[in-house]
Amino acid sequence: MLPAERPEVRSAANPPRPEVDVVLPCLDEADALPWVLARIPRGWRALVVDNGSTDGSAEIARGLGATVVREARRGFGAACHAGLTAATADIVCFCDCDASLDPRLLVPFVREVHAGETDLVLGRRRPEGRGAWPLHARAGNLALARMLRRRTGLRLHDLGPLRAARRKPLLALGLTDRRSGYPLQMVVRAADAGWRVTEHDVPYLPRTGASKVTGTWRGTWQAVRDMSEVLAEAPTTRTLPRG
């Protein structure tokens, strides 16, 4: 079951705590924002992290009711972590802001985390539609999944951006990558800490606009290099909280 609402005194000084915070890293996603934000489940809060947009994304997001967080430092990890540190809900989700993934898919993820059935849920992307996932991006993702398996023993197939976990344990992982390695570092450190990590298939749609990370071979290579550095980190020996 989803977290039950608790009675609260609602005022400007004491706003109601969201059931779930959804972190949406954003860099020039003006065209995709209306579609994405319209699909945030009721009672959840959208945290749009503006990472230097020049197309009015922040203003559009704010106008559509989202909470806008600004992160001047460029990088996917920088944007994700800014959203995580700005979150206040017990459970935090992550989702791309390019309309390739429907935020409503996170509902069963949150149910599993809230029920204590798992600690971190990832979405395994299943491309739908022509051009949803370029060949070079798939190849890079597959190579990293295999390296992750050797490093941690986790039999995952994807390191996709759709995911859910509890906020305090995520912060306790001490994530330091601020580029493309952030999603992988989250999984690696969670595995080192003994977290239960699960994976579910999700439909992956053609994104709106060009990818800033895997839209080219060069971008994919940079992402793979960032993630390879994460995999080279020494295993974490300390036990961290899961929930």
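Note that the structure is a prediction, hence the values are computed from the model and not measured.

**Describing the nonpolar core**
A general tendency of soluble globular proteins is for nonpolar side chains to be buried together. Grouped together as the largest cluster of nonpolar side chains are 34 residues, with contacts concentrated most on Phe94, Leu120, Leu148, Leu170, Leu184, Met186 and Trp195. Sorting the residues of this core by element identifies strand S2 (45–50), helix H3 (76–86), strand S4 (91–94), strand S5 (120–127), helix H5 (135–152), helix H7 (182–192) and helix H8 (217–231) as the ones contributing at least two each. Residues in contact with Leu184, not counting those within four places in the same chain, are Leu148, Leu159, Met227, Val230 and Leu231. In terms of nonpolar packing, the next biggest core, distinct from the first, is built from 32 residues, Val20, Cys95, Ala99 and Val113 among them.

**Overview of the environment of Leu27**
Looking at where Leu27 falls in the secondary structure, it is placed in the loop between strand S1 (20–26) and helix H1 (33–37). C-alpha of Leu27 to C-alpha of Cys97: the two residues are 70 residues apart in sequence and 8.5 Å apart in space.

**Regarding H3**
With eight of 11 residues buried, H3 lies mostly within the body of the structure. Buried within H3 we find Gly77, Ala78, Ala79, Cys80, His81, Ala82, Gly83 and Leu84. For H3, the elements touching its buried residues are S1, S2, strand S3 (67–70), S4, helix H6 (167–172) and H7.

**Things to note about empty space enclosed by the protein**
Applying the stated criterion across every chain, the model contains one cavity of 30 Å³ or more. A volume near 60 Å³ is recorded for the largest cavity. Residue lining of the largest cavity: Pro25, Phe76, Cys80, Phe94, Cys95, Pro161, Arg163, Tyr182, Pro183 and Met186, and that is the complete set. Listing elements by their share of the lining of the largest cavity, those giving two or more residues are H3 and H7. Ranked by residues supplied to the lining of the largest cavity, first place goes to H7 with three residues.

About the cut-offs
Residues numbered from 1 in each chain as written. Predicted model: local features only at pLDDT ≥ 70, side-chain atom pairs only at ≥ 80, totals over all residues. Heavy atoms only, no water. Core = buried A, V, L, I, M, F, W, Y, C linked by side-chain atoms within 4.5 Å. Buried < 20%, exposed > 50% of the residue type's maximum accessible area, 1.4 Å probe, protein only. Helix = DSSP H or I, 4+ residues; strand = E, 2+ residues; numbered from the N terminus. Contact = heavy atoms within 4.5 Å. 1 Å grid on protein atoms, 1.4 Å probe; cavity = no way out; pocket = protein on both sides within 12 Å on 5 of 7 lines; lining within 4 Å. Points joined across faces, edges and corners; volume = space filled by probe spheres on them.

None of this, on its own, says anything about what the molecule does.
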